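Chain by chain, the residues run as shown.
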Amino acid sequence: MKGKVIGILLLVLLILAGGAGGYVWNMMRPVEASSEPVVFEIKSGSGISAIADQLQQEGLIRNSLVFKGYLKWKKLGSNFMAGKYAMNPGVTYDEIIHKLSSGEVVPEEMVKFTIPEGYTVLQMADKLSAEDIVDKKEFLKLANDPSAFNVDIIKSIPVDEELRYVLEGYLFPETYEMKKGSSTHDVMQRMLEEFQTKVNSIPDLQAKLDEKKLSLHELLTIASLVEREVVVDQERALVAGVIYNRIKDDMKLEIDATVQYLLDKPKARLLFKDLKVQSPYNTYLNKGLPPGPIASPSLSSIKAALNPEASEYLFYVTKKDGTSGHLFAKTYKEHQRNIAKSKAAQ
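Residues numbered from 1 in each chain as written. Predicted model: local features only at pLDDT ≥ 70, side-chain atom pairs only at ≥ 80, totals over all residues. Heavy atoms only, no water.

Q: Would you mind showing me how to read the overall build of the chain here?
A: Broken down by element type, the chain carries 13 helices and six strands. A compact globule built from 346 residues should have a C-alpha radius of gyration of about 20 Å, whereas the chain, at 34 Å, is more than 25% larger. Expressed along its principal axes, the backbone C-alpha trace of the chain runs to roughly 130 × 40 × 35 Å. Of the contacts formed within the chain by residues at least 6 apart in sequence, a portion of 62% connects residues at least 24 apart. Accessible area for the chain stands at about 19400 Å²; split by element, carbon and sulfur atoms hold 53% of it. With 44 positive and 45 negative side-chain charges, the chain shows a spacing of 2 Å between the two charge centroids. (Helix = DSSP H or I, 4+ residues; strand = E, 2+ residues; numbered from the N terminus. Rg over C-alpha atoms; globule rule 2.2 N^0.38 Å. Contact = heavy atoms within 4.5 Å. Areas by Shrake-Rupley, 256 points an atom, 1.4 Å probe, with all protein chains shown as cover. Lys, Arg positive; Asp, Glu negative; His and termini not counted. Charge placed at Lys NZ, Arg CZ, Asp CG, Glu CD.)

Q: Whenever I open this one, the packing of aromatic side chains confuses me. Can you help?
A: Aromatic ring pairs are defined here through the distance separating the ring centres and the angle between the ring planes. A full pass over the atoms with the stated rule returns ten aromatic pairs. Ring centres of Y170 and F195 lie 5.2 Å apart, and the angle between their planes is 65°; this geometry places the pair in the edge-to-face category. Here Y170 is found in the loop between α6 (136-142) and β4 (175-179), whereas its partner F195 is found in helix α7 (residues 184-200), with 25 residues between them in sequence. Overall, Y170 belongs to the buried group, its relative accessible area being 0%. The ring of Y261 carries R164 above its face, with NZ or CZ at 5.1 Å from the centroid. (Phe/Tyr/Trp six-rings, centres within 6.5 Å; stacked < 30°, edge-to-face > 60°. Buried < 20%, exposed > 50% of the residue type's maximum accessible area, 1.4 Å probe, protein only. Lys NZ or Arg CZ within 6 Å of the ring centre and 35° of its normal.)

Q: Quick question: what am I supposed to make of the nonpolar core here?
A: In a soluble, globular protein the nonpolar side chains are often hidden away together inside. If you look at the biggest cluster of nonpolar residues, it comprises 63 residues, and the most contacted ones within it are F139, I154 and L219. Breaking this core down by element, the ones donating at least two residues are α5 (121-130), α6, β4, α7, α8 (205-212), α9 (216-229), α10 (236-248) and α12 (299-306). Not counting residues within four places of it along the chain, the set of residues in contact with L219 comprises L205, L209, Y244, I302, A305 and L306. Ranked by size, the runner-up nonpolar core spans 21 residues in total, among them I51, Y70, Y93 and L100. (Core = buried A, V, L, I, M, F, W, Y, C linked by side-chain atoms within 4.5 Å.)

Q: How should unusual backbone geometry be read in this particular structure?
A: Peptide bonds are, in most cases, trans, and in most cases residues other than glycine have a negative phi. With a phi angle near 60°, D132 is a residue other than glycine that sits in the positive phi range. Assignment of secondary structure puts D132 in the loop between α5 and α6. The residue S324 is not glycine, and still its phi comes out positive at about 70°. Mapped onto the elements of the fold, S324 is located in the loop between β5 (315-318) and β6 (326-329). Looking at S324, the relative accessible area reads 30%, which means it is partly exposed.

Q: What is the right way to look at the pattern of salt bridges in this model?
A: Close approach of charged atoms lets side chains of opposite charge pair. With the rule as written, the count across this model stands at 16 salt bridges. With a shortest N-O distance of 2.8 Å, D233 and R236 are connected by a salt bridge. For R236, a relative accessible area of 7% corresponds to the buried category. When the shortest N-O distance is used, the salt bridge between K287 and D250 registers 3.0 Å. (Salt bridge = Lys/Arg side-chain N within 4 Å of Asp/Glu carboxyl O.)

Q: Please explain the side chain of S296 as it appears in this structure.
A: With respect to the helices and strands, the residue S296 is situated in the loop between α11 (256-260) and α12. Of the residues examined, S296 reaches a relative accessible area of 1% and is grouped as buried. Of the polar contacts made by the side chain of S296, one reaches the backbone oxygen of L171; its length is 2.7 Å. Other than its neighbours up to four places away in sequence, S296 contacts E117, G118, Y119, M124, E168, G169, Y170, L171, P173 and E227. (Polar contact = N/O pair within 3.5 Å; in protein donor to acceptor, adjacent residues only side chain to side chain.)

Q: Can you walk me through α9 in this structure?
A: Every α-helical turn comprises 3.6 residues, leaving residues that sit three or four positions apart pointing alike. Taking 1.5 Å of rise per residue, 14 residues should cover 20 Å, and α9 covers 20 Å from first to last C-alpha, within 8% of that figure. α9 sits mainly inside the fold: twelve of its 14 residues count as buried. Every buried residue of α9 is listed here: L216, H217, L219, L220, T221, I222, A223, S224, L225, V226, E227 and E229. (Expected span 1.5 Å × (residues − 1).)

Q: Help me out: how do you make sense of the side chain of N63 in this one?
A: Locating N63 in the fold gives a position in the loop between α2 (48-57) and α3 (64-74). Looking at N63, its side chain comes within polar contact range of the main-chain nitrogen of V66, at 2.9 Å.

Here it is, written out as structure tokens:
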């Protein structure tokens, strides 16, 4: 009788074990397959238990408890990586574990934009807002708030109420690629960091600034004038030299680009009345450099301003022959002849 009872108990245990095994096997089966991926994010610091529960909630596994047991049995799950994932329902435990362990996250959606050389803060704001990259109002506001950014090189910008935009000239012209949805602040921070990287790559920068008794801000101002005045690369250093010569001779720079900077929309041709616009940026009325840059100069223009070509030239006029080059002169009389020659080539 005793042996019969033991036999019955063993049979019951086998049935229960078989039932439990069948249940576990059933819970381990992939869920119904679908071609529509489930996108979800594993937060940084999430433990195995939380991840298993999340997978069940997302409909990727049938039972989180069974999944946890499987991980424990296989000694897996300790290296699951945070990030955004996309998985199709119907994947196996092993496929899920492989993806989470190898960090096969969904690639970040990126956006690319270009800031042309010589663009002003206002032009950047217009272009980037039209491309839905930034909020124009916020961009212009932040352009006057350098304290909002963690970039060492802009800490040397002088405090000057006459600056139209404090960060004018410091937002480097370049092609950028950033995460889609980046904030206006993030975009500008990236541009300022690029500026810092590019400027710091110039050999002996500080020594050359000290030699010329210039601040970085003044150098950028000269570079921005060169950028807006010059089209032909070979003339950058020569035009920079003319600017230095005129300052040395206590002459007004009389650069059209400084007047254009004051206009809401640049004109193809300035009128005499435009040259009388009252502003510290107007180099037809004021001697010396304007309060700050009038655009974002290229690295080539910055280097030209740092290494001007020596000459006795004090004047230049744009050729009207379609080459975009300039005619240079040492005297005003010679300059007048160049103007006449330029007009005759139209």
